[in-house]
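Commentary on secondary and tertiary structure
Single-letter residue listing:
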Amino acid sequence: MKHLLSINDLSRDESILILDTAAELARISDGPMKKLPTLRGRTIVNLFAEDSTRTRISFEAAAKRLSADVINFSAKGSSLSKGESLKDTAQTLQAMGADAVVIRHPASGAPFRLADNQWMSGAVINAGDGTHEHPSQALLDAYTIRKHLGKGAKDLAGLRVAIVGDILHSRVARSNVLLLTKLGAHVTLVAPPTLLPFGVDSWPVIISYDLDSVIPQVDAIMMLRIQQERMHEIFFPSAREYSRYFGLNRDRINALNPNAIIMHPGPMNRGLEITADAADSARSVIVEQVSNGVSVRMAILYLLLGGAPIEGGIN
Amino acid sequence: MKTVLPAPDISRAIVRIAHEILERYDGADSITLLGIPTRGAHLATRIAAAINAIEGGQVAVGTLDTTMHRDDLRTRSPKALLPTLIPTAGVEGRHVVLVDDVLFSGRTIRAALDALGEIGRPTSVSLAVLVDRGHRELPIKADFVGKNIPTSRSEIIKVNLVEVDGTDEVTIAEGGVK
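Below, the structure is looked at part by part. Keep in mind the model is a prediction, meaning the values are calculated, not measured. As a convention, each chain's residues are numbered from 1 in the sequence order in which they are written. Chains and ligands are labelled by the order in which they are written, letters from A for the one and numbers from 1 for the other. Under the rules for a predicted model, residues below a pLDDT of 70 receive no local features and side-chain atom pairs below 80 are neither given nor counted, while totals for whole chains, interfaces and linings still include all residues. For side-chain calculations, the full set of non-hydrogen atoms in the structure is used, while hydrogens and water are omitted.

1. With respect to the overall build of chain A
Put simply, DSSP H or I for four residues or longer makes a helix, DSSP E for two residues or longer makes a strand, and each gets a number counted from the N terminus. Helices and strands together make up the secondary structure of chain A, namely eleven helices and nine strands. A radius of gyration in this sense is built from C-alpha atoms; the matching globule rule multiplies 2.2 Å by the number of residues raised to 0.38. In terms of overall size, chain A behaves like a compact globule, its C-alpha atoms giving a radius of gyration of 19 Å where 315 residues would be expected to give roughly 20 Å. With the principal axes as the frame, chain A shows a C-alpha extent of 55 × 45 × 35 Å. Accessibility here uses a 1.4 Å probe with only protein chains present; expressed as a share of the type maximum, an area under 20% marks a residue as buried, one over 50% as exposed, and anything in between as partly exposed. When each of the 315 residues of chain A is scored for burial, the buried share is 58%. Across chain A, every contact between residues at least 6 apart in sequence was considered, and the portion connecting residues at least 24 apart equals 77%. Any two residues whose heavy atoms approach within 4.5 Å at even a single point are treated as in contact.

Here it is in structure tokens:
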């Protein structure tokens, strides 16, 4: 691999290699070796043209634990806000000798432009592009599911995962559908019809409009954020109605399987898609997802940058 | 391909190394064996078993992966990580014996010393290897050696262990440039 742009770039074995590497790195970092010298002298640029807390900090922590130099670059306070084009930004980064660029961008496909156009020679890692993909989030979700429910298996064969909420605008959902099904899980999407994307019936998933009938049948339930910033139309009559039909609350938690886990990619709208007691319940692995994110991103950075420079695209 | 160390010789070498380690450190209490995966880890387990058979008791044994500390990472494609399992007693104040199958350039051991330095400060570090084949590229020397096998650089030494390869033997073969 040279870039990580989409889950489609990864074979099943490569995905499992990332999860295994992350598991080993988590074990080392939990123990005595907090810092590894592996990427010493490499420069990683975090190019965030859209707001982010978790992903940016997580990539930064991962890069620093591997001893890479990190340059943070956000839209606010940079020439991006003066209207500099992506190409000019990329060429600037290239001139500064960036070995990798972690990019978050409101436009779907921006990381592909960066990677495909020979604008820069470094690795490009998609940290969320518009409503398209967010591969590192899917990898950390798969890692979290495997850790809790995998019973030592390498993949997620036979596990049932529900993804609930704003599928239409969710890059997390797209990447997760690709990855979880690649790893053998059965995915059910639960959403009001207005929040399902066009063509969803051709995805390898089951679609349901009734959360209560899905809840008792899953091993993991992933709640998605209602993305107010992308809601330019009215997709449901009221927030209260949405929460009543599609929110995770105490009654629905009680209907879950005893071993089922509750996930959310963050940031949460407490009281909308998830109630506070659901978010903070013992079943919730939401905080753990964040710490797993660091290990998974360390694995991604190590596997992309740790070895010999690769010419061209995917090996 | 020629067998240079058949199974009985490997067993004898392991028992002898176990005796030498015990003699050097005056018993097993302060020793921590750390094998370098994959085959070094199995050898460490076997040396530990031999020490336990001699002394009774349980000598501390673990594994130490050197992948993330190698200086040749950028010359090859990234490798999957192997387990690092440090015994609960840690390495602080212990006599750590690193165990590997073949000592060649010495670069793995340098990486192991760096990795060990991240974990703590052992009282001492020594090195046990099954085969020393020469051609050091760094000032590193083994303290406990199963067998010195003079080789040319192009020859390939292969240590086979039952746990991994289904058989115990060390072979030497003519090879390309390594």
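2. A look at the overall build of chain B
Secondary structure assignment for chain B yields four helices and eight strands. Starting at the N terminus, the α and β elements of chain B follow one another as β-α-β-α-β-β-α-β-β-β-α-β. Against the globule reference of 16 Å for 178 residues, chain B gives a C-alpha radius of gyration of 16 Å, in line with a compact fold. Dimensions of chain B, computed from C-alpha atoms along their principal axes, come out at roughly 45 × 40 × 30 Å. A burial count over chain B gives 53% of its 178 residues as buried.

3. Overview of the packing of helix α2 (residues 54–65) of chain A against helix α11 (residues 286–305) of chain A
Residue and element names in this part refer to chain A. The geometry of α2 relative to α11 is characterised by a closest axis approach of 8 Å and an angle of 55° between their N-to-C directions. Classified by the angle their axes make, α2 and α11 are oblique. When you trace α2 past α11, the crossing you get is right-handed. In this structure, α2 uses R54, T55, S58, F59, A61, A62, A63 and R65 to contact α11, whose residues at the interface are V290, G293, V294, R297, M298 and L301. In the contact of α2 with α11, the residues fall into eight nonpolar, three polar and three charged. Every axis in this analysis is a line fitted to C-alpha atoms, fitted for helices over the stretch in contact. Angles between the N-to-C directions lie between 0 and 180 degrees. If an angle is under 35 degrees, it is roughly parallel; if it is over 145, roughly antiparallel; if it lies from 65 to 115, roughly perpendicular; otherwise it is oblique. Here a crossing is called left-handed whenever its near helix is offset anticlockwise from the far helix by less than a right angle, and right-handed whenever the offset is clockwise. Each residue is assigned to one of three groups, with Ala, Val, Leu, Ile, Met, Phe, Trp, Tyr, Cys and Pro labelled nonpolar, Asp, Glu, Lys and Arg labelled charged, and all others, Gly among them, labelled polar.

4. Details of the environment of S105 of chain B
All names here are of chain B. Position of S105 among the secondary structure elements: in the loop between β4 (95–103) and α3 (107–119). Residue classification places S105 among the buried positions, given a relative accessible area of 16%. Considered as a pair, S105 and H135 are 30 residues apart in the sequence and their alpha carbons are 5.8 Å apart. Once you skip the residues sitting within four places of it in the chain, S105 turns out to touch H135, R136, E137 and L138.

5. Section: the sheet that holds strand β1 (residues 43–48) of chain A
Consider a sheet: its strands pair through backbone hydrogen bonds, and that pairing is either parallel or antiparallel. All names here are of chain A. Within the open sheet, the four strands sit side by side as β2-β1-β3-β4. Their pairing is parallel. This sheet does not close on itself; its edge strands, each paired only once, are β2 (69–74) and β4 (123–129). On average, each strand axis in the sheet is tilted by 15° relative to the strand beside it, whichever way the strands run. Pairing analysis gives five bridges linking β1 to strand β3 (residues 100–105), with the strands arranged parallel. Note on β3: the bridge partner recorded for V45 is V101. Strands qualify as paired when DSSP identifies two bridges or more between them.

6. Some remarks on unusual backbone geometry
Peptide bonds are, in most cases, trans, and in most cases residues other than glycine have a negative phi. That bond from G266 of chain A to P267 of chain A is cis: its omega, -15°, falls within 30 degrees of zero. By secondary structure assignment, the location of P267 of chain A is in the loop between β9 (261–263) and α10 (276–279). Cis peptide bonds are those with omega within 30 degrees of zero, and the linkage from P37 of chain B to T38 of chain B qualifies with 5°. Of note, T38 of chain B is situated in the loop between β2 (31–35) and α2 (39–55). Its identity as a non-glycine residue notwithstanding, S67 of chain A has a phi of 70°, on the positive side. With respect to the helices, strands and loops of the structure, S67 of chain A is situated in the loop between α2 and β2. Even without a glycine there, the phi angle at H135 of chain B is positive, about 65°. Tracing the chain through its elements places H135 of chain B in the loop between β5 (124–132) and β6 (144–148).

7. What to know about the interface of chain B and chain A
On the side of chain A, 20 residues touch chain B, which itself brings 20 residues to the contact. Here chain B meets chain A over a buried area of about 1700 Å², counting both sides, of which 65% is carbon and sulfur. In this description, buried area is defined as the sum, over both parts, of the accessible area (probe of 1.4 Å) that is lost when the two are combined. Considering only the surface of chain B that becomes buried against chain A, M68, R74 and P78 of chain B emerge as the three largest contributors, covering 40% of it. Note on definitions: salt bridges are taken to be side-chain nitrogens of Lys or Arg within 4 Å of carboxyl oxygens of Asp or Glu. Summed over the shared surface of chain B and chain A, the number is zero salt bridges. Pairing of N or O atoms within 3.5 Å defines a polar contact, subject to two protein rules: one partner must be a possible hydrogen donor and the other a possible acceptor, and residues neighboring in sequence count only if both atoms are side-chain atoms. Between the two partners, chain B and chain A, sit four residue pairs in polar contact (both at pLDDT 80 or more).

8. Examining the environment of A44 of chain B
Residues and elements named next belong to chain B. For A44, the position within the fold is in helix α2. Classification of A44 as buried rests on a relative accessible area of 0%. For the pair A44 and D101, spaced 57 residues apart in sequence, the C-alpha separation works out to 9.5 Å. With residues near it in sequence (within four places) discarded, A44 still touches L33, L34, G35, V61 and V99.

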